[in-house]
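Observations on the three-dimensional arrangement
So the chains spell out like this:
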Amino acid sequence: MLNGRGRLNTPRFPLNGLLIYNKNYIIHLELDLVNMSGLNKADFNGFIRLKYLVLTRCKITALGKDIFEELGIIADTPALSGIFPHLEYVTIAFNDIEQLDWAFLSPISRHLKVLNLENNNFRSVTSTADSNSPIFLESIESLDLSNNKLSTLPRFIYENLNPRSLTYFGFTSGYREQQFCENYDGCTCCELYTFTMWYRSNVPELSNSRIRLTCRGRDDTVHSGSFSPECGPADPPTRIPISGTPDPTRPQPTGQTDYETTAEPGSQGNCQKTEPLIVSVVSLCLMQLILF
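Let us look at the structure shown here. (Residues numbered from 1 in each chain as written. Predicted model: local features only at pLDDT ≥ 70, side-chain atom pairs only at ≥ 80, totals over all residues. Heavy atoms only, no water.)

**With respect to the overall build of the protein chain**
When helices and strands are tallied, the protein chain shows four helices and 14 strands. Burial analysis of the protein chain (292 residues in total) assigns 45% to the buried set. In the structure as shown, the protein chain presents an accessible area of about 15,200 Å², 52% of it carried by carbon and sulfur atoms. (Helix = DSSP H or I, 4+ residues; strand = E, 2+ residues; numbered from the N terminus. Buried < 20%, exposed > 50% of the residue type's maximum accessible area, 1.4 Å probe, protein only. Areas by Shrake-Rupley, 256 points an atom, 1.4 Å probe, with all protein chains shown as cover.)

**Some remarks on unusual backbone geometry**
Phi at Phe 94 takes a positive value of approximately 60°, unusual for a residue other than glycine. With respect to the helices and strands, the residue Phe 94 is situated in the loop between strand S4 (89-93) and strand S5 (99-101). Positive phi outside glycine occurs at Asn 121, with the angle close to 70°.

**Structural notes on the environment of Asn 160**
With respect to the helices, strands and loops of the structure, Asn 160 is situated in the loop between helix H2 (155-158) and strand S9 (168-171). Taking the relative accessible area as the measure of exposure, Asn 160 reaches 18% and is therefore buried. Counting along the chain gives 24 residues from Asn 160 to Phe 136, while the straight-line C-alpha distance between them is 4.8 Å. Discounting chain neighbours no more than four positions away, the residues touching Asn 160 are Trp 102, Ile 135, Phe 136 and Leu 137. Engagement of the side chain of Asn 160 in a polar contact is seen with the backbone oxygen of Phe 156, the distance being 2.6 Å. (Contact = heavy atoms within 4.5 Å. Polar contact = N/O pair within 3.5 Å; in protein donor to acceptor, adjacent residues only side chain to side chain.)

**Considering helix H3 (residues 193-202)**
Helical geometry note: an α-helix holds 3.6 residues per turn, so side chains three or four residues apart project in the same direction. Among the ten residues that make up H3, ten are buried, leaving the element largely enclosed by the rest of the structure. Along H3, the residues classified as buried are Tyr 193, Thr 194, Phe 195, Thr 196, Met 197, Trp 198, Tyr 199, Arg 200, Ser 201 and Asn 202.

**Brief notes about the pairing of S9**
Here strand S8 (residues 142-144) runs beside S9; their pairing, made up of three bridges, is parallel. By the bridge assignment, Ser 142 is partnered in S9 with Tyr 168. Here S9 pairs with strand S10 (residues 210-215) via four bridges, running parallel. Paired with Gly 170 across the two strands is Arg 212, which belongs to S10. (Pairing = 2+ DSSP bridges.)

**Describing the packing of aromatic side chains**
Tallying each qualifying case throughout the model produces six aromatic pairs. Each ring, one from Tyr 52 and one from Tyr 89, has its centre 4.7 Å from the other, and the planes form 5°; the classification is stacked. Within this pair, whereas Tyr 52 is found in strand S3 (residues 52-56), its partner Tyr 89 is found in strand S4, the two being separated by 37 residues in sequence. Classification of Tyr 52 by relative accessible area gives partly exposed; the value is 30%. On the basis of an interplanar angle of 35° and a centroid distance of 6.2 Å, the ring pair of Phe 68 and Phe 104 is categorised as tilted. Note that Phe 68 is positioned in the loop between S3 and S4 and Phe 104 in the loop between S5 and strand S6 (114-116), a separation of 36 residues in sequence. The pair formed by Phe 68 and Phe 104 is uniform in burial state, with each residue classed as buried. Members of the aromatic cluster, joined through ring pairs, are Phe 44, Phe 68, Trp 102 and Phe 104. Positioned above the aromatic ring of Tyr 175, the side-chain terminus of Lys 149 is 4.7 Å from the ring centre. (Phe/Tyr/Trp six-rings, centres within 6.5 Å; stacked < 30°, edge-to-face > 60°. Lys NZ or Arg CZ within 6 Å of the ring centre and 35° of its normal.)

**What about the pattern of salt bridges?**
The tally for this structure, following the rule as stated, stands at seven salt bridges. Between Arg 57 and Asp 32 there is a salt bridge, and its shortest N-O distance comes to 2.8 Å. With Arg 57 in the loop between S3 and S4 and Asp 32 in strand S2 (residues 28-32), the pair connects residues that are 25 residues apart, well separated along the chain. What makes Arg 57 partly exposed here is its relative accessible area of 34%. Judged by relative accessible area, Asp 32 falls into the buried class, the value being 4%. Here Arg 155 makes a salt bridge to Glu 159, at a shortest N to O gap of 3.1 Å. The exposure class assigned to Arg 155 is partly exposed, which follows from its relative accessible area of 23%. Judged by relative accessible area, Glu 159 falls into the partly exposed class, the value being 26%. (Salt bridge = Lys/Arg side-chain N within 4 Å of Asp/Glu carboxyl O.)

**Considering the nonpolar core**
Of all hydrophobic cores here, the largest spans 57 residues; its most connected members are Trp 102 and Phe 169. Of all the secondary-structure elements, those providing two or more residues to this core are S2, S3, S4, H2, S9, H3 and S10. For Phe 169, the contacting residues outside a window of four places in its chain are Leu 143, Leu 145, Leu 153, Ile 157, Phe 195, Arg 210, Ile 211 and Arg 212. (Core = buried A, V, L, I, M, F, W, Y, C linked by side-chain atoms within 4.5 Å.)

So, to be careful, I would describe these as geometric facts and stop short of saying anything about function.
Structure representation (structure tokens):
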């Protein structure tokens, strides 16, 4: 671990140049309070055995979508090039990265187990990934996006997670921009409707996964395939896939779910709890009282 405490005003740290003779053998790289502004793909060229990467408080303001493209490339040793990157643990935290392209994960998504992106001041996360650079975090166990300033929870983030391996997903925040359901009781609001459906449709009932979100200014935990009592109905609705072609192996909806919506995904309109049966029963009872 290299710690540059009190020296953030020093020139930019020459990562690749300094480690040029031993980078092929480095497995664990941790930098804290080191000036890594202007981080680019050349910095990671040739770190073919790197499994653990930690960059905290390094004055990083941008992560290019190609940042990890040269992990398996060694410019001065072509014979060793082409080795698939084996990064398993990545922490890039406490920096100032307002915009992020989720496609940066494409070269490393295969083996990635832990991704910590907390406290980076994210305001916007988009994705330019396509069929040529797909993202599926098939080995992911923990994803932390806590304490950023994201006003939405993009679908491409959670739909690319493997719910069978996932044990923790952190999306809590002390910033108001990343808090949901401000005007609702618990988390039963349109802001999280599609995420709710994805979670209940994909996460096994007996899963040990923990999903943490900030709702109405407090942290709520979603676990075991359904929301906690203060965060939505106790019984999950019928499981349905929310994107792509319906999976024939999954049970398909046979009736009306607890919530219905006519708004576009991510919208906050026309999402309300429906209780027609209760209304009908109450109306019938009132009519009987009047007649008799």
